[in-house]
Amino acid sequence: MAFTRATGKHRGPSRMARRSVGIAGVATLATTGVIGTLASPVFAADAEPASPEDTGLTQVITAESIAERVDAQADAQEKEAVEAAARVKAAAEAKRKAEARAKEARAAEARAAREAERKRLNSFQLPVAGTYVSTGYKTGGSLWSSGSHSGIDFHAAYGSKVVSVGSGTVVEAGWGGAYGNNIVIRMNDGTFTQYGHLASIGVAVGQTVTPGDQIGVSGSSGNSTGPHLHFEARTSAEYGSDVNPVSYLRARGVHV
């Protein structure tokens, strides 16, 4: 008895057709995210057999993977840009702070220098370095026309450096009779100082001096018995307005 092969709409779907339908369903799910009804048996039966490469599934997955990589790359680039901007901002802020600190340090240094200079200009010192008083104030004797010493004598070998004891302006520089070569300085505080018996004079009238500026060299000119420095402190430039030079210097911080 011969059997005929079922044909037409009563023929069952082949294995290949069922595979294509399954792949198509997966593709639909991947692209839409919705589980739908697979192709009907009639549609499947009428469709030509297809290989997995013909379903579009591979292309969908590949496109999604590329999109994910592009997104990931964009995210990474954006993150790197944000971090780079943060680094630039941090570097600029650090530079600004460093410049501000340097500026403040320079300002503080300048203030300290001005203060140090102010103190120096207002300071007093001995007229000869490492000296001592060899003849005191108001010492009596025939050596002085007034009968007593109107200043003090500082020990000073011939040629010793003589400096101004403080800041002021020279009001006399030249021969002073019994004082020999002498200098009188009007100090900035309004008092006067005198330096006598000098071997030479190194300043001129009207010249300003500061503490420690050399004004001459010690000697024994005028009414003198040997090299030394005669020093007077006065309330005016005139002879006879003298005050005790030791007290004068001590009141201004000088150890005598």
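Description of the structure in this document. Being a predicted model, the structure only gives us computed values, none of them experimental.

**Regarding the pattern of salt bridges**
Within the structure shown, the criterion is met by 8 salt bridges. Residue Glu93 is joined to Arg96 by a salt bridge in which the shortest nitrogen-to-oxygen separation is 2.6 Å. Highlighted residues: Glu93 and Arg96, both in helix α3 (residues 57-121), separated by 3 residues, approximately one helical turn. Relative accessible area serves as the criterion here: at 32%, Glu93 is assigned to the partly exposed category. Residue Glu117 is joined to Arg120 by a salt bridge in which the shortest nitrogen-to-oxygen separation is 3.0 Å. Taken together, the positions of Glu117 and Arg120, both in helix α3 and 3 residues apart, correspond to about one turn of that helix. Classification of Glu117 by relative accessible area gives partly exposed; the value is 34%.

**Observations regarding the side chain of His230**
Along the chain, His230 turns up in strand β9 (residues 229-234). For His230, a relative accessible area of 3% corresponds to the buried category. Separated by 2.8 Å, the side chains of His230 and Glu232 make a polar contact. If sequence neighbours within four positions are ignored, His230 has contacts with His149, Ser150, Gly151, Ile152, Asp153, Tyr179, Gln194, Tyr195, Gly196 and His197.

**Quick notes on the packing of aromatic side chains**
Scanning all chains against the criterion turns up 3 aromatic pairs. With centroids separated by 6.1 Å and ring planes inclined at 85°, the aromatic side chains of Phe124 and Tyr248 adopt a geometry described as edge-to-face. Taken together, the residues span a long stretch of sequence, with Phe124 in the loop between α3 and β1 (133-135) and Tyr248 in helix α4 (residues 245-251) at a distance of 124 residues. Each member of the pair, Phe124 as well as Tyr248, carries the same accessibility label: buried. Measuring from ring centre to ring centre gives 5.5 Å for Tyr195 and Phe231, while their planes differ by 65°; the resulting arrangement is edge-to-face. Here Tyr195, found in strand β6 (residues 192-201), pairs with Phe231, found in strand β9; they are 36 residues apart in sequence, far enough to count as distant. Exposure remark for Tyr195: the relative accessible area of 0% places this residue in the buried category. Of the aromatic side chains, those joined through ring pairs into one cluster are Phe154, Tyr195 and Phe231. When the ring centre of Phe124 is taken as reference, the NZ or CZ atom of Arg252 above it lies at 5.5 Å.

**Some remarks on the nonpolar core**
Ranked by size, the top nonpolar core spans 23 residues in total, and within it Ile183, Ile185, Tyr195 and Ile215 carry the most contacts. Taken together, the elements giving at least two residues each to this core come down to β2 (152-154), β5 (181-187), β6, β9 and α4. Setting aside anything within four residues of it in sequence, one finds Ile215 in contact with Val162, Val163, Ser164, Ile183, Ile185, Tyr195, Ile201, Gly202, Val203 and Val209.

Reading the values: rules and limits
Residues numbered from 1 in each chain as written. Predicted model: local features only at pLDDT ≥ 70, side-chain atom pairs only at ≥ 80, totals over all residues. Heavy atoms only, no water. Salt bridge = Lys/Arg side-chain N within 4 Å of Asp/Glu carboxyl O. Helix = DSSP H or I, 4+ residues; strand = E, 2+ residues; numbered from the N terminus. Buried < 20%, exposed > 50% of the residue type's maximum accessible area, 1.4 Å probe, protein only. Polar contact = N/O pair within 3.5 Å; in protein donor to acceptor, adjacent residues only side chain to side chain. Contact = heavy atoms within 4.5 Å. Phe/Tyr/Trp six-rings, centres within 6.5 Å; stacked < 30°, edge-to-face > 60°. Lys NZ or Arg CZ within 6 Å of the ring centre and 35° of its normal. Core = buried A, V, L, I, M, F, W, Y, C linked by side-chain atoms within 4.5 Å.

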